[in-house]
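Spelled out from the first residue to the last, the chains are:
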Amino acid sequence: MSDAEPGLRERKRRATRLAIQQAALRIAIEDGLPAVTVDEISRRADVSPRTFFNYFPNKEAAILGEDPTLSDDAARETFVAGGPKGDLLADVGTLLVHATRELIEERGLIEERQQVLRAAPELFSRRMESMKEFQAEVERAIVARLEGLSSGSVVEPEVLRRRARLASLVALATLRHAWWEWSDSDTDTHLVDELERSFADLDALVSRSLV
């Protein structure tokens, strides 16, 4: 894994977040969505309702779990400035590694969430909307980078937007590929490692080193 392992406090925070999500999903699977309440989630996760709300704003968020977000301002600023490697797709990959590092890494959680979402179209729609918002966030970061790098040259804003959207969609497809590879793997790998591997595969394809 790229960064140092988290400290004890961070591990406890992640464990609590995971326990809340596991409880919400298992209630939904065993008893149905109407049975999912903050009180019941808290009871099963062995936390107080107050602790629940420290992690999630409502029960739906606990079921859906975290979506990636570009919350790391330093990583975003480095990306927009043209770094860290100077290659757009590789740098988007690095940016997404930062974005996904906070996500819970639990394969069983993915399987249970997919089971719940298949039976709850309204929640599935919310998940798709949140991923669309993340794609737009990545697209805006790419636009900002392209605008900065194209200063002094004549590039139509519409051209920059089209290119940024294409790059963001390629990046999200690569993220999805990493999720699939990671969730299907029998090895003890981390999601961020799989994401780095997927972007390395993308680079090999784009650079034609595989053909």
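All values reported here derive from a predicted model rather than from experimental measurement.

Enquirer: Hey, could you go over the nonpolar core for me, with residue numbers and the actual values?
Expert: In summary, soluble globular proteins display a tendency toward joint burial of nonpolar side chains. If you look at the biggest cluster of nonpolar residues, it comprises 25 residues, and the most contacted ones within it are Leu-70, Val-92, Leu-96, Phe-134, Val-138, Ile-142 and Leu-195. Contributing elements (two or more residues each) for this core: helix H5 (73–80), helix H6 (88–100), helix H8 (121–149), helix H9 (157–184) and helix H10 (191–206). The biggest single contributor to this core is H9, with seven residues. Residues Ile-27, Val-38, Ile-63 and Val-116 belong to the second largest nonpolar core, which totals 23 residues.

Enquirer: Can you break down unusual backbone geometry residue by residue, with the values?
Expert: The peptide bond linking Gly-83 to Pro-84 adopts the cis configuration, its omega dihedral lying at 0 degrees. A positive phi is found at Asp-46, a non-glycine position, where the angle reads about 60 degrees. When its relative accessible area of 71% is taken as the criterion, Asp-46 is described as exposed.

Enquirer: Before we move on, could you go through the packing of aromatic side chains and cite the residues and values that matter?
Expert: Using the criterion set out here, one finds three aromatic pairs in the structure. Centre to centre, the rings of Phe-52 and Phe-56 are 6.2 Å apart; their planes meet at 45 degrees, and the pair counts as tilted. Seen from their ring centres, Trp-179 and Trp-182 are 5.7 Å apart, and the 80 degrees between their planes marks the pair as edge-to-face. With Trp-179 and Trp-182 both in helix H9 and three residues apart, the pair spans about one turn of that helix. Its relative accessible area of 24% is what places Trp-179 among the partly exposed residues. With relative accessibility at 2%, the residue Trp-182 sits in the buried group. Every member of this aromatic cluster is reached through a ring pair, and the members are Phe-52, Phe-53 and Phe-56.

Criteria and cut-off values
- Residues numbered from 1 in each chain as written.
- Predicted model: local features only at pLDDT ≥ 70, side-chain atom pairs only at ≥ 80, totals over all residues.
- Heavy atoms only, no water.
- Core = buried A, V, L, I, M, F, W, Y, C linked by side-chain atoms within 4.5 Å.
- Buried < 20%, exposed > 50% of the residue type's maximum accessible area, 1.4 Å probe, protein only.
- Helix = DSSP H or I, 4+ residues; strand = E, 2+ residues; numbered from the N terminus.
- Phe/Tyr/Trp six-rings, centres within 6.5 Å; stacked < 30°, edge-to-face > 60°.

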